[in-house]
Amino acid sequence: MSLKITDDCTSCDACVPACPNDAITAGDVIYVIDPDRCTECVGAEDSPQCQLVCPADCIEVGTEETQDQLMAKFKALHP
Ligand code: SF4
Ligand code: SF4
């Protein structure tokens, strides 16, 4: 699954450096996760790093994807 950020985001910036795929950027109002870059940290970490560091607890499951799809995405991002 790729994750998504909810309206509770306070734009604190804590999640940006935690992402191994550079998937998180500042949007117009709240921060956003690029679903084409988020692998739920599959390939890099044991668990989603952005969720671990987010003080607002505002990152939740977005699009459903299989482990194989996530790993393929990670490998494509890091050839
Ligand atoms: S789950 Fe991992 S890859 Fe996806 S946005 Fe969060 S830190 Fe980045
Ligand atoms: S860590 Fe949480 S509150 Fe801070 S910018 Fe990221 S999603 Fe928003």
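Residues numbered from 1 in each chain as written. Chains lettered and ligands numbered in written order. Predicted model: local features only at pLDDT ≥ 70, side-chain atom pairs only at ≥ 80, totals over all residues. Heavy atoms only, no water.

Caption draft 1: Representation of the overall build of the protein chain in the model. When helices and strands are tallied, the protein chain shows two helices and four strands. At 12 Å, the protein chain has a C-alpha radius of gyration in line with the 12 Å of a compact globule built from 79 residues. Once the C-alpha set of the protein chain is aligned to its principal axes, its extents read approximately 30 × 25 × 20 Å. Looking at the 79 residues of the protein chain, the share that counts as buried comes to 34%. Within the protein chain, contacts between residues separated by at least 24 positions form 68% of all contacts whose residues are at least 6 apart in sequence. Roughly 4,800 Å² of accessible area belongs to the protein chain as shown, and the carbon and sulfur atoms make up 49% of that amount. Between the mean site of the 4 positive side-chain charges and the mean site of the 15 negative ones, the protein chain shows a separation of 8 Å. (Helix = DSSP H or I, 4+ residues; strand = E, 2+ residues; numbered from the N terminus. Rg over C-alpha atoms; globule rule 2.2 N^0.38 Å. Buried < 20%, exposed > 50% of the residue type's maximum accessible area, 1.4 Å probe, protein only. Contact = heavy atoms within 4.5 Å. Areas by Shrake-Rupley, 256 points an atom, 1.4 Å probe, with all protein chains shown as cover. Lys, Arg positive; Asp, Glu negative; His and termini not counted. Charge placed at Lys NZ, Arg CZ, Asp CG, Glu CD.)

Caption draft 2: Representation of the site of ligand 1 within the structure. All residues adjacent to ligand 1 are Leu 3, Cys 19, Pro 20, Asn 21, Ile 24, Ile 33, Cys 38, Thr 39, Glu 40, Cys 41, Pro 48 and Cys 50. Partitioned by chemical class, the residues of the shell around ligand 1 number nine nonpolar, two polar and one charged. (Near = heavy atom within 4 Å. Nonpolar A, V, L, I, M, F, W, Y, C, P; charged D, E, K, R; others polar.)

Caption draft 3: Fine view of the side chain of Lys 73. Residue position: Lys 73 is located in helix α2 (residues 67–77). Ignoring sequence-local partners within four residues, the contact set of Lys 73 consists of Ser 2, Pro 35, Asp 36, Arg 37, Cys 38, Thr 39 and Glu 65.

Caption draft 4: Looking closely at the environment of Gln 49. Inspection of the secondary structure puts Gln 49 in helix α1 (residues 49–53). Note on Gln 49: relative accessible area 18%, which makes it buried. With near-sequence residues (within four places) excluded, Gln 49 lies in contact with Ala 18 and Cys 41.

Caption draft 5: Structural view of the environment of Pro 55. Secondary-structure assignment places Pro 55 in the loop between α1 and β4 (59–61). For the pair Pro 55 and His 78, spaced 23 residues apart in sequence, the C-alpha to C-alpha distance is 28 Å. Contact partners of Pro 55, with chain neighbours within four places excluded, come to Cys 12 and Ala 14.

Don't take any of this as a statement about function, it's just geometry.
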